[in-house]
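# Working through the structure, step by step
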Amino acid sequence: NAGVTQTPKFRVLKTGQSMTLLCAQDMNHEYMYWYRQDPGMGLRLIHYSVGEGTTAKGEVPDGYNVSRLKKQNFLLGLESAAPSQTSVYFCASNLPAGTATYGYTFGSGTRLTVV
Amino acid sequence: DQQVKQNSPSLSVQEGRISILNCDYTNSMFDYFLWYKKYPAEGPTFLISISSIKDKNEDGRFTVFLNKSAKHLSLHIVPSQPGDSAVYFCAAFYSSASKIIFGSGTRLSIRP
């Protein structure tokens, strides 16, 4: 049981380049989330999805797009990378509301550097 | 506007003693409060939670206390062990929003 898998684990981009981060979960979870972690800022929500084919904006959505074409996958896209997007990105998944007592399951993160 | 605040970025505690991590929140609509633990190069892992209708939840060495009138919660670790050295995130959840709000984290270091 792999849980939540993120690819790639590391990436260096040049300003203006694009890329897609992939998150895959094998727990049949309905809800999926993308967070970024920056020093002193904690975990900030970028986008989330409450089911296949649905997405919603989080706290810091600008510069990112997402897609949830399949229940098990949640993609995060950067169309034109900027140095301000240098961060560690975490994907998480969860069962629907009402099971929050058990929290999210997180992936191990993607460290992205934009130069 | 930070809805969940951890005002201590770091904490150092001697092995065997009690570690107390604090967290404040502003939104009275939160249904659950959670603590996550994070080691370097790993994702956060769920540690313990408490419902907004309770004031204490205990799981082994970990106890979370909730003071709703003060909008304050704390995590107690007794006794502290070297493996407890990590970053701890306080988090809060309200079901109508379907998402968890995280604090900025506290780095706990357990010294010999």
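In this report, we go over the structure that sits alongside the text. (Residues numbered from 1 in each chain as written. Chains lettered and ligands numbered in written order. Predicted model: local features only at pLDDT ≥ 70, side-chain atom pairs only at ≥ 80, totals over all residues. Heavy atoms only, no water.)

## Quick word on the sheet that holds strand 8 (residues 72-77) of chain B
Heads up, the rule is: When DSSP finds two or more bridges between a pair of strands, those strands are recorded as paired. Only runs of H or I of at least four residues qualify as helices and only runs of E of at least two qualify as strands under DSSP, and these elements are numbered from the N terminus.
Ordered by their spatial adjacency, 5 strands build an open sheet running 1-3-8-7-6 (chain B), and the pairing between neighbours is antiparallel. Unpaired on one side and paired on the other, strand 1 (4-5) and strand 6 (56-59) of chain B mark the two borders of the sheet.

## Section: the packing of aromatic side chains
Spelled out, the test is: Working definition: a ring pair exists when centres of Phe, Tyr or Trp rings (six-membered ring for Trp) sit within 6.5 Å. Plane angles under 30 degrees give stacked, over 60 give edge-to-face, the rest tilted. Relative accessible area decides the class of each residue, using a 1.4 Å probe on protein chains only: under 20% of the type maximum gives buried, over 50% gives exposed, and in between gives partly exposed.
Throughout the structure, instances matching the rule amount to 18 aromatic pairs over all chains. Relative to Tyr 104 of chain A, the ring of Tyr 33 of chain A lies with its centre 4.2 Å away and its plane at 20°, an arrangement referred to as stacked. Separated by 71 residues along the polypeptide, Tyr 33 of chain A in strand 4 (residues 31-38) and Tyr 104 of chain A in the loop between strand 9 (87-94) and strand 10 (105-106) bring together distant segments of the chain. Among the residues examined, Tyr 33 of chain A registers a relative accessible area of 0% and is labelled buried. Consider the rings of Phe 89 of chain B and Phe 102 of chain B, whose centres lie 6.4 Å apart with planes at 90°: the pair is edge-to-face. Taken together, the residues Phe 89 of chain B in strand 9 (residues 86-94) and Phe 102 of chain B in strand 10 (residues 99-102) connect sequence positions 13 residues apart. The pair Phe 89 of chain B / Phe 102 of chain B is uniform in exposure class, with both members buried. Members of the aromatic cluster, connected to one another through ring pairs, are Tyr 33, Tyr 35, Tyr 48, Phe 90, Tyr 104 and Phe 106 of chain A together with Tyr 36, Phe 46, Phe 89 and Phe 102 of chain B.

## Comments concerning the state of the cysteines
Condition: Criterion for a disulfide: a pair of cysteine sulfur atoms at a distance within 2.5 Å.
Tallied over the full model, the rule gives 2 disulfides over all chains. One disulfide bridge connects Cys 23 of chain A with Cys 91 of chain A, the sulfur atoms lying 1.9 Å from each other. Disulfide Cys 23 of chain A-Cys 91 of chain A: the torsion about the S-S bond is -75°, which places it as left-handed. Highlighted residues: Cys 23 of chain A in strand 3 (residues 19-25) and Cys 91 of chain A in strand 9, separated in sequence by 68 residues. The pair Cys 23 of chain A / Cys 91 of chain A is uniform in exposure class, with both members buried. Between the sulfur atoms of Cys 23 of chain B and its disulfide mate Cys 90 of chain B the distance is 2.0 Å. Across the S-S bond linking Cys 23 of chain B and Cys 90 of chain B, the dihedral sits near -75°, which makes this disulfide left-handed. In this pair, Cys 23 of chain B is assigned in strand 3 (residues 19-25) and Cys 90 of chain B in strand 9, connecting sequence segments 67 residues apart. Accessibility expressed as a relative area gives 0% for Cys 23 of chain B, which makes it buried.

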